[in-house]
Number of protein chains: 2
Amino acid sequence: MTLSHVRIVGSGLIGTSIGLGLALKGVGVTMRDSDSRAQGLAEDLIKSPSDLPVDLVILATPIGALKSVIEGEFEANPKAAFIDIGSVKFKVKVEVSTSSLPSSRFLPTHPMAGREVGGAESARADLFQGRPWIVDAQGVDSDVLEKASELIELLGGHKIDLDSSEHDKAVALVSHLPQLVSSLLAKQLTGGEERWLDLAGAGLRDTTRIAGSDAKLWREIVTANSQALTPLLKALQRDLNKLIDSLEDENSVADLINEGQKGRTRIPGKHGGKAREYTFLPIVIEDKPGQLAALFEECAQASVNVEDLTIEHSPGQFTGLITLALSESDAIKLSDHLKSNGWSVHAPKK
Amino acid sequence: MTLSHVRIVGSGLIGTSIGLGLALKGVGVTMRDSDSRAQGLAEDLIKSPSDLPVDLVILATPIGALKSVIEGEFEANPKAAFIDIGSVKFKVKVEVSTSSLPSSRFLPTHPMAGREVGGAESARADLFQGRPWIVDAQGVDSDVLEKASELIELLGGHKIDLDSSEHDKAVALVSHLPQLVSSLLAKQLTGGEERWLDLAGAGLRDTTRIAGSDAKLWREIVTANSQALTPLLKALQRDLNKLIDSLEDENSVADLINEGQKGRTRIPGKHGGKAREYTFLPIVIEDKPGQLAALFEECAQASVNVEDLTIEHSPGQFTGLITLALSESDAIKLSDHLKSNGWSVHAPKK
């Protein structure tokens with residue numbers, strides 16, 4: 001381990017979560033924040049002091065506050081590596097290029113992790129586990145990249161190299177557009193009767209969950225990335241206009257739902273594979289301990305690879321339904337194997 | 001108990017879930033479907049036959065198929081009570097009024113429960129637990145209302161009286177609008193680079209989850225409820241247009257996020273909802289064949305009952321995260337058992 005003392009400037013959700021994760025791994029952490037309450041809470045949560053020189057400074061402030069901290073941090077820690085964690089990368093690179101911090105000492109990064117709640121109090125050490133962590137290593141010193149790579153590895157993140165301007169387009173689509181759409185939808189709820197809202201189900205809850213996000217954070221992200229967002233919002237506008245014009249036409253509505261399904265299946269599942277590539281095999285089992293183990297023992301005997309599975313089971317119900325996701329050939333192989341051993345296997349579905 | 005034999009016409013998600021729930025309570029259930037595969041799976045899951053006369057017929061087909069089943073069902077079961085479970089009520093009332101089934105023998109109902117996955121294979125007996133179940137009892141015979149009320153109570157639903165036209169406005173806002181918005185958003189994903197989608201997080205997954213819904217079902221619901229949906233979509237259109245025009249203005253963007261937060265907080269919490277109280281146990285496993293079987297073998301050895309599970313796995317990662325849902329005591333028992341056998345178990349979460 002080379003990281004011994006990491007200084008995190010900004011004790012919000014991301015900064016504090018990084019601190020928590022590093023402290024767990026025995027790395028010394030100093031937390032800073034212009035808000036003494038946030039800094040105090042973060043320090044209290046993390047408790048991993050160090051007297052060693054700072055080897056990595058993490059700029060975890062809002063983008064708008066970067067300018068005001070960079071100069072002082074670089075002066076105090078001239079040998080340290082620097083990274084940021086901002087949601088928009090091109091604008092951050094511009095900010096750094098006009099500061100005294102050399103671009104070669106600064107790695108723009110973006111951990112693709114977050115919660116709809118913010119602040120040090122929402123921080124969690126495992127926030128980055130298994131999540132992509134984007135870096136733009138072009139022109140950056142190798143020791144800076146090494147320290148950042150170690151950080152990402154310690155926190156369980158998955159490093160991905162991506163050019164900053166491509167990054168900004170990608171997050172506009174997969175993160176910023178969903179945020180704005182969720183807010184637009186949730187805003188419509190301000191107009192309904194209160195008793196109507198009593199009928200809300202999981203669909204409304206899920207689609208509006210991120211509408212609970214912090215306005216201060218998002219007004220900055222959206223305006224900083226307006227260039228990449230504009231064409232996406234205009235495409236959405238065209239589709240909405242078309243929907244309104246053809247709301248009574250079953251085929252047009254079905255086309256939209258089908259296109260939505262198509263888009264939805266592009267979101268990767270396990271192994272980056274697409275859910276639609278799997279064949280789903282439903283198996284009715286008795287609801288008693290040992291049935292799942294017995295089923296997976298059969299899977300091992302049949303030498304098939306289970307990619308995913310769901311269990312449908314209600315408390316008190318006497319049967320459970322296991323749906324296994326497999327390749328098509330494995331589904332056929334397993335179905336035959338299970339049937340010949342007396343399992344209640346139903347027809348596979350694509 | 002007065003309900004002894006319920007006939008369910010339509011073995012989709014809702015029909016089969018009703019059947020499962022009734023069978024648990026000892027009520028005889030006959031499942032029917034024009035698709036013999038769906039009917040066979042529903043019968044296999046439910047197994048609660050009855051030779052008694054049918055006292056309640058549940059029309060659980062798509063709205064478009066109602067006409068074709070009502071006449072035959074009424075002729076075969078002239079003394080039975082009839083209800084439907086359709087998502088739009090005014091149009092259903094019109095359909096019944098032009099059939100030979102007297103309006104006084106038919107109660108329009110709508111259980112506000114569903115999943116983005118359909119079909120008998122996705123059914124669960126507890127689908128209606130704590131969920132609103134709307135009825136429009138105006139002009140309906142008291143014995144019909146009594147049977148329906150008993151049904152709703154048996155399934156754990158929460159009966160709400162609502163006039164059909166107000167129902168249609170309410171569901172347009174809390175159910176149909178979110179569906180269309182989710183599809184509109186997910187459709188935009190068809191335009192992105194594939195590697196951008198690798199960066200998707202929980203926000204995108206949640207906002208587009210219901211975009212996976214069935215096009216056949218939704219084209220019917222949307223067109224049947226276009227009158228209530230149109231003003232909502234136009235309000236959304238105005239807000240989207242305004243956003244596009246002021247994307248670089250931090251205050252306007254913050255206003256939208258704040259309005260969205262306001263709308264979001266109008267969704268009631270879990271009151272009346274009977275959330276399943278599981279404890280979630282995260283386990284990091286190596287991503288190789290046989291690991292799941294080995295894990296479930298441990299579960300069997302520890303004699304714990306796994307209620308549900310999810311598999312999280314990121315592209316290129318060599319480990320996977322399995323989260324098991326168990327009762328609190330089983331979670332503690334299993335956690336101890338797994339740890340003593342060298343598994344990488346993390347702290348359970350409620």
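Residues numbered from 1 in each chain as written. Chains lettered and ligands numbered in written order. Predicted model: local features only at pLDDT ≥ 70, side-chain atom pairs only at ≥ 80, totals over all residues. Heavy atoms only, no water.

1. Overview of the nonpolar core
Quick reminder of the rule: To define a nonpolar core, start from buried Ala, Val, Leu, Ile, Met, Phe, Trp, Tyr and Cys residues and group those joined through side-chain atoms within 4.5 Å. We call a residue buried when its accessible area falls under 20% of the maximum for its residue type, exposed when it is over 50%, and partly exposed in between, using a 1.4 Å probe and counting protein chains only. By definition in these notes, contact holds between two residues if any of their heavy atoms fall within 4.5 Å.
Leu180(A), Leu233(A) and Leu180(B) are the most contacted members of the largest nonpolar core, which totals 106 residues. Beyond its immediate stretch of four places on either side in the chain, Leu180(A) contacts Val222(A), Leu229(A), Leu233(A), Leu243(B), Leu247(B), Leu256(B) and Ile257(B).

2. Structural notes on the layout of surface pockets
Residues and elements named next belong to chain B. Note the following rule: Only protein atoms enter the calculation, which uses a 1 Å grid: trapped sets of points that fit a 1.4 Å probe without letting it out are cavities, open sets showing protein on both sides within 12 Å along at least five of seven lines are pockets, and any residue with an atom within 4 Å of a point is a lining residue. Grid points are joined across faces, edges and corners, and a volume is the space filled by probe spheres set on the points. Put simply, DSSP marks the helices as runs of H or I at least four residues long and the strands as runs of E at least two long, and each gets a number from the N terminus on. Under the scheme applied, nonpolar residues are Ala, Val, Leu, Ile, Met, Phe, Trp, Tyr, Cys and Pro; charged residues are Asp, Glu, Lys and Arg; polar residues are all the others, including Gly.
Empty space within the second largest pocket amounts to approximately 340 Å³. As for the second largest pocket, its lining consists of 17 residues, of which Asp168, Lys169, Asn225, Gln227 and Ala228 are closest to the centre. Broken down by secondary-structure element, the contributors of at least two residues to the lining of the second largest pocket are helix H4 (90-97), helix H6 (164-188) and helix H10 (226-245). Broken down by element, the residue count for the lining of the second largest pocket peaks at five residues, all from H10. Grouping the amino acids of the lining of the second largest pocket by side-chain chemistry returns eight nonpolar, six polar and three charged.

3. Here's the deal with helix H3 (residues 63-76) of chain B
All names here are of chain B. Note the cut-off: To estimate how far a helix should reach, multiply one less than its number of residues by 1.5 Å. Axes are fitted to the seven residues ending at a residue and to the seven starting at it; the angle between these axes is taken as the bend at that residue.
With 14 residues, H3 should reach 20 Å at 1.5 Å per residue; the first-to-last C-alpha distance of 20 Å fits that figure. Remark: the principal bend of H3, roughly 40°, maps to valine 69. Residues of H3 that are buried include every one of Ile63, Leu66, Val69, Ile70, Glu73 and Phe74, and no others. Against the buried residues of H3 lie strand E1 (5-9), strand E3 (56-59), strand E4 (81-84), H4 and helix H9 (215-224).

4. Quick look at the sheet that holds strand E7 (residues 132-135) of chain A
All names here are of chain A. Note the cut-off: Two strands qualify as a pair provided DSSP detects at least 2 bridges between them. Every axis in this analysis is a line fitted to C-alpha atoms, fitted for helices over the stretch in contact. Angles between the N-to-C directions lie between 0 and 180 degrees.
Taken together, three strands build an open sheet; the order of strands is E6-E7-E8 and the sheet is mixed. The sheet terminates laterally at strand E6 (109-111) and strand E8 (158-161), the two strands that pair on one side only. Averaged over all pairs of adjacent strands, the angle between strand axes in this sheet comes to 25°, irrespective of strand direction. Where E6 meets E7, three bridges bridge the pair, whose relative direction is antiparallel. Residue pairing for E7: proline 111 is matched across the bridge by tryptophan 133.

5. Section: the confidence of the model for chain A
As a reminder, the rule being used: Each residue carries a pLDDT score, the predictor's own confidence in it, on a scale running from 0 to 100.
Averaged over all residues, the pLDDT of chain A is 89; the fraction at 70 or higher stands at 93%. Below a pLDDT of 50 lies the segment residues 270-276 of chain A, which in the model reaches 18 contacts outside its immediate sequence neighbourhood of four places, other chains included.

6. Focus on the environment of Lys350(B)
All names here are of chain B. If you trace the backbone, lysine 350 turns up in the segment after strand E12 (344-345). The class of lysine 350 is exposed, set by a relative accessible area of 70%. Separated by 71 residues in sequence, lysine 350 and threonine 279 place their C-alpha atoms 4.6 Å apart. For lysine 350, the residues in contact, after removing those within four places along its chain, are Tyr278, Thr279, Phe280 and Glu328.

7. What to know about the interface of chain B and chain A
This is how the line gets drawn: Each of two parts loses accessible area, computed with a 1.4 Å probe, when they are put together; buried area is these two losses added. Salt bridge criterion: a side-chain nitrogen from Lys or Arg within 4 Å of a carboxyl oxygen from Asp or Glu. For the purposes of these results, a polar contact is taken to be a pair of N or O atoms within 3.5 Å, where, inside protein, one atom must be able to donate a hydrogen and its partner to accept one; residues adjacent in sequence count only when each atom of the pair is a side-chain atom.
Tallying the contact residues gives 125 residues for chain B and 123 residues for chain A. Both sides of the chain B and chain A interface together cover about 11,400 Å² of buried area, and 65% of this is carbon and sulfur. Looking only at chain B, the three residues that lose the most surface to chain A are Trp196(B), Leu199(B) and Arg266(B), adding up to 7% of its buried area. The interface formed by chain B and chain A holds eight salt bridges in total. Put simply, Arg209(A) and Asp206(B) hold a salt bridge, and the shortest N to O gap is 2.6 Å. Across the chain B-chain A interface, the total number found is 36 residue pairs in polar contact (both at pLDDT 80 or more). With 17 residues, the single largest contributor to the side of chain B that touches chain A is H6(B).

8. Quick notes on the packing of helix H12 (residues 291-301) of chain B against helix H13 (residues 328-340) of chain B
Residues and elements named next belong to chain B. Put simply, the test is: Just so you know how the angles are binned, under 35 degrees is roughly parallel, over 145 roughly antiparallel, 65 to 115 roughly perpendicular, and the rest oblique. The crossing is said to be left-handed when, going from far helix to near helix, the turn is anticlockwise and less than a right angle, and right-handed when the turn is clockwise.
Between H12 and H13, the shortest axis-to-axis distance is 10 Å and the interhelical angle comes to 120°. In terms of axis orientation, H12 runs oblique to H13. In this structure, H12 meets H13 at a crossing whose hand is right-handed. Contacts between H12 and H13 pair Leu295, Glu298, Cys299 and Gln301 from the former with Leu334, His337 and Leu338 from the latter.

9. Looking at the packing of aromatic side chains
Note the cut-off: For Phe, Tyr and Trp, rings pair up if their centres lie within 6.5 Å, where Trp contributes its six-membered ring, and each pair is then called stacked (planes under 30 degrees apart), edge-to-face (over 60) or tilted (otherwise).
In total, this model carries five aromatic pairs over all chains according to the counting rule given. Both rings, one in Phe128(A) and one in Trp133(A), keep their centres 5.0 Å apart while their planes meet at 40°; by these two values the pair is tilted. There is no split in this pair, since Phe128(A) and Trp133(A) are both buried. Ring geometry for Phe74(B) versus Phe82(B): centroids 6.2 Å apart, planes at 70°, classification edge-to-face. The exposure class of Phe74(B) is buried, given its relative accessible area of 18%.

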